[in-house]
Amino acid sequence: MKGVCRTCGKEYKGQQKTICGPCFKKARIAHGIVDKPRKVGRPFLPKGQAKSYTLHTRVTKEETQQIKAAAKKANQTISKWLRERILT
Ligand SMILES: [Zn+2]
């Protein structure tokens, strides 16, 4: 079945609709039924809060295992666990 979109006038394949897919999406956004698609990716952190520096520390295999285990036990990421230990 073919129809003609009442909004853009293009022919489209569909059933019992009077509006094509892209126009339907636009209309939903225009009427506030759905939010505009958001930008992909994590939003930027405010200045000063972004973690932009990396420190490298050599540790032994055993120390790595200890750190990993401790972070896991504390239910934290390794980075968070280390930061909290170092800065307090
Ligand atoms: Zn259309």
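Quantities reported herein were computed from a predicted structural model and do not represent experimental measurements.

Peer 1: Is there a simple way to explain the overall build of the chain in this structure?
Peer 2: In terms of regular secondary structure, the chain is built from three helices and two strands. For the chain, the α and β elements follow one another from N to C terminus as β-β-α-α-α. Its C-alpha radius of gyration of 26 Å places the chain more than 25% over the 12 Å reference for a compact globule of 88 residues. Out of the 88 residues in the chain, the part that is buried amounts to 1%. When contacts within the chain are restricted to residue pairs at least 6 apart in sequence, those whose partners lie at least 24 apart make up 0%.

Peer 1: Just checking my understanding: could you explain the environment of Pro 46 for this structure?
Peer 2: The topology assignment puts Pro 46 in the loop between α1 (21-30) and α2 (61-73). Exposure remark for Pro 46: the 7 C-beta atoms within 10 Å place this residue in the exposed category. Once the C-alpha coordinates of Pro 46 and Ser 79 are considered, the two residues, 33 residues apart in sequence, prove to be 20 Å apart.

Peer 1: Honestly, α2 in this entry has me stumped. Any pointers?
Peer 2: In an α-helix, one turn spans 3.6 residues; hence positions three or four apart end up facing the same way. In this model α2 runs 18 Å from its N-terminal to its C-terminal C-alpha over 13 residues, within 8% of the 18 Å that 1.5 Å per residue would give. Burial within α2 is sparse, with just zero of its 13 residues counted as buried. Looking one or two residues past α2, Asn 75 carries a phi angle of roughly 60°, positive in sign.

Peer 1: Looking at this structure, I do not really get the environment of Phe 24. What am I missing?
Peer 2: Relative to the assigned elements, Phe 24 resides in helix α1. Given 15 C-beta atoms within a 10 Å radius, Phe 24 is considered partly exposed. Residues Phe 24 and Cys 5, spaced 19 residues apart in sequence, show a C-alpha to C-alpha distance of 9.5 Å.

Peer 1: What should I look at first to understand the confidence of the model for the chain in this one?
Peer 2: One rule of thumb: low pLDDT means the predicted coordinates there are not for detailed reading. Across the chain, pLDDT averages 85, with 95% of residues at or above 70. Element-level pLDDT for the chain is lowest in strand β1 (residues 2-4), with a mean of 80, against a maximum mean of 96 in α2.

Peer 1: Can you help me understand unusual backbone geometry in this one?
Peer 2: Outside of glycine, negative phi angles account for most residues, and trans bonds account for most peptide bonds. You will see that Asn 75, though not glycine, has its phi angle at about 60°, which is positive. Relative to the assigned elements, Asn 75 resides in the loop between α2 and α3 (78-86).

Peer 1: Would you explain the packing of α2 against α3 in this entry?
Peer 2: Following both chains from N to C, one finds α2 and α3 inclined at 95°, their axes separated by 9 Å at the closest point. The angle between the axes of α2 and α3 places the two elements in the roughly perpendicular class. Residues Ile 67, Lys 68, Ala 70 and Ala 71 of α2 form the contact with α3, whose own contacting residues are Ile 78, Trp 81 and Leu 82. Here the residues of the contact of α2 with α3 sort into six nonpolar, no polar and one charged.

Cut-offs applied
- Residues numbered from 1 in each chain as written.
- Predicted model: local features only at pLDDT ≥ 70, side-chain atom pairs only at ≥ 80, totals over all residues.
- Helix = DSSP H or I, 4+ residues; strand = E, 2+ residues; numbered from the N terminus.
- Rg over C-alpha atoms; globule rule 2.2 N^0.38 Å.
- Buried ≥ 20, exposed ≤ 12 C-beta atoms within 10 Å, placed from the backbone.
- Contact = placed C-beta atoms within 7 Å.
- Expected span 1.5 Å × (residues − 1).
- pLDDT = per-residue confidence, 0-100.
- Axes fitted to C-alpha atoms, helices over the stretch in contact; angles between N-to-C directions.
- Parallel < 35°, antiparallel > 145°, perpendicular 65-115°, else oblique.
- Nonpolar A, V, L, I, M, F, W, Y, C, P; charged D, E, K, R; others polar.

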